[in-house]
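So the chains spell out like this:
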Amino acid sequence: MEKTIFEKILDNELPSYKIYEDDFVYAFLDIFPVTKGHTLVIPKKHCKNILDCDSETASHIGAALPKIANAVKDSFGADGVNIFQNNEEFAGQVVFHLHFHIVPRYKDKDLHFDNLEIKYPSEKLSDEQFIEIQKRIVSKL
Ligand code: AMP
């Protein structure tokens, strides 16, 4: 199967602005930043997205995210950060190697976040529906 852009970055076949690296994780600036400092955090081991990710790889990413998010926030003088992550084409995933977006937010700059904008809020579940769903989720964990 052909390598994704991010695997090519990991293999030094494509350039990137590296922010962070350890044995398991690599972070670099997004080529089309939504805000200044928009960073992507990826595992070195290939997985397509979070739905395809083993728990060890997920834990490496999870351990690195707070470090990188704080460093990016402080270095860019941001007032906050959003972290988001897309899985599958229908959910906006374009590059099929797991990645987390760290998006610094700035008080003085408005940001139109189409991805996260809630245009069609879902109906709330009733207590009965919640209990049914909770059972279904627990049976799959
Ligand atoms: P997603 O829609 O979650 O798959 O996001 C893919 C992200 O990868 C987008 O924000 C792109 O701007 C970014 N991207 C694509 N190619 C590159 C590249 N060569 N270097 C850095 N970021 C990239």
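Right above here is the structure, for reference.
Structure report, in brief. Positions within a chain are numbered from 1, following the residues in the order the chain's sequence is written. Only residues with pLDDT of 70 or above have their local features reported here, since the model is predicted, and side-chain atom pairs are shown and tallied only from 80 upward, although totals for entire chains, interfaces and linings are computed over all residues. Heavy atoms from the whole structure form the basis of all side-chain values; hydrogens and water molecules are not counted.

## Description of the sheet that holds strand S5 (residues 100–105)
The condition is simple: Pairing between strands requires that DSSP locate at least two bridges from one strand to the other. Only runs of H or I of at least four residues qualify as helices and only runs of E of at least two qualify as strands under DSSP, and these elements are numbered from the N terminus. The angle between two axes is taken between their N-to-C directions and runs from 0 to 180 degrees, where each axis is a line fitted to C-alpha atoms and a helix contributes only its stretch in contact. Contacts are residue-level and defined by heavy atoms, with any inter-residue pair within 4.5 Å sufficient.
Here five strands make up an open sheet; going across it, the order is S1-S2-S3-S5-S4 and the pairing antiparallel. The outermost strands of the open sheet, each flanked by one partner alone, are strand S1 (18–21) and strand S4 (80–84). In this sheet, adjacent strand axes meet at a mean angle of 20 degrees when their direction is disregarded. Relative to S5, S4 runs antiparallel, the two being bridged by five bridges. Within S5, the position partnered with Asn82 by the bridge is Val103. Here helix H2 (residues 55–75) sits on the sheet and contacts S1, strand S2 (25–29), strand S3 (39–43), S4 and S5; the angle it forms with S3, its principal contact strand, is near 160 degrees.

## With respect to the packing of aromatic side chains
Between two aromatic rings, the relevant description is the distance of the centres plus the angle of the planes. Stated formally: Here is the rule: rings of Phe, Tyr and Trp (six-membered ring for Trp) pair when centre to centre is within 6.5 Å. Planes less than 30 degrees apart are stacked, more than 60 are edge-to-face, and the remainder are tilted. Under the scheme applied here, a residue whose accessible area is under 20% of the maximum for its type counts as buried, over 50% as exposed, and between as partly exposed, the area being computed with a 1.4 Å probe on protein chains only. By the criterion adopted, a ring carries a charge over it if an Arg CZ or a Lys NZ lies within 6 Å of its centre and within 35 degrees of its normal.
Taken as a whole and assessed by the stated rule, the structure comprises two aromatic pairs. Taking 5.3 Å as the distance between ring centres and 75 degrees as the angle between the ring planes, the aromatic pair formed by Phe6 and Phe28 counts as edge-to-face. With Phe6 in helix H1 (residues 5–10) and Phe28 in strand S2, the pair connects residues that are 22 residues apart, well separated along the chain. For the pair Phe6 and Phe28, one class covers both residues: buried. Ring geometry for Tyr26 versus Phe28: centroids 5.8 Å apart, planes at 40 degrees, classification tilted. As far as the burial class goes, Tyr26 and Phe28 line up, both buried. Every member of this aromatic cluster is reached through a ring pair, and the members are Phe6, Tyr26 and Phe28. One Lys or Arg, Lys36, reaches over the ring of Tyr106 and ends 5.9 Å from the middle of that ring.

## Describing a nonpolar patch on the surface
In plain terms, the rule: Patch definition: residues with relative accessible area over 30% and no salt bridge; like charges joined within 9 Å; nonpolar side chains (Val, Leu, Ile, Met, Phe, Trp, Tyr) joined within 5 Å. Only the protein chains shown count as cover for residues, and the accessible areas themselves come from Shrake-Rupley with a 1.4 Å probe. Here a salt bridge means any side-chain nitrogen of Lys or Arg lying within 4 Å of a carboxyl oxygen belonging to Asp or Glu.
A surface patch of nonpolar side chains, about 290 Å² in accessible area, is lined by Leu125, Phe130 and Ile131. Tracing the backbone through its elements, the reader meets Leu125 in the loop between S5 and helix H3 (127–140). We classify Leu125 as partly exposed; its relative accessible area is 47%.

## Brief notes about the site of the ligand
Test applied: We call a residue near a molecule or strand whenever a single non-hydrogen atom of that residue lies within 4 Å of it. Contacts described as polar in this section are N or O atom pairs within 3.5 Å, which, within protein, must combine one atom able to donate a hydrogen with one able to accept it, while residues neighboring in sequence count only if both atoms come from side chains.
In the vicinity of the ligand there are 16 residues, among which Asp30, Gly92, Val94, His99 and His101 approach most closely. Contact between the ligand and Asp30: an oxygen atom at 2.5 Å from a side-chain N or O atom of the residue. In this structure, His99 approaches the ligand through a side-chain N or O atom, which is 2.7 Å from an oxygen atom. Calculation on the ligand without its partners gives an accessible area of 510 Å², and the protein chains cover 84% of this total. Broken down by secondary-structure element, the contributors of at least two residues to the shell around the ligand are H1 and S2.

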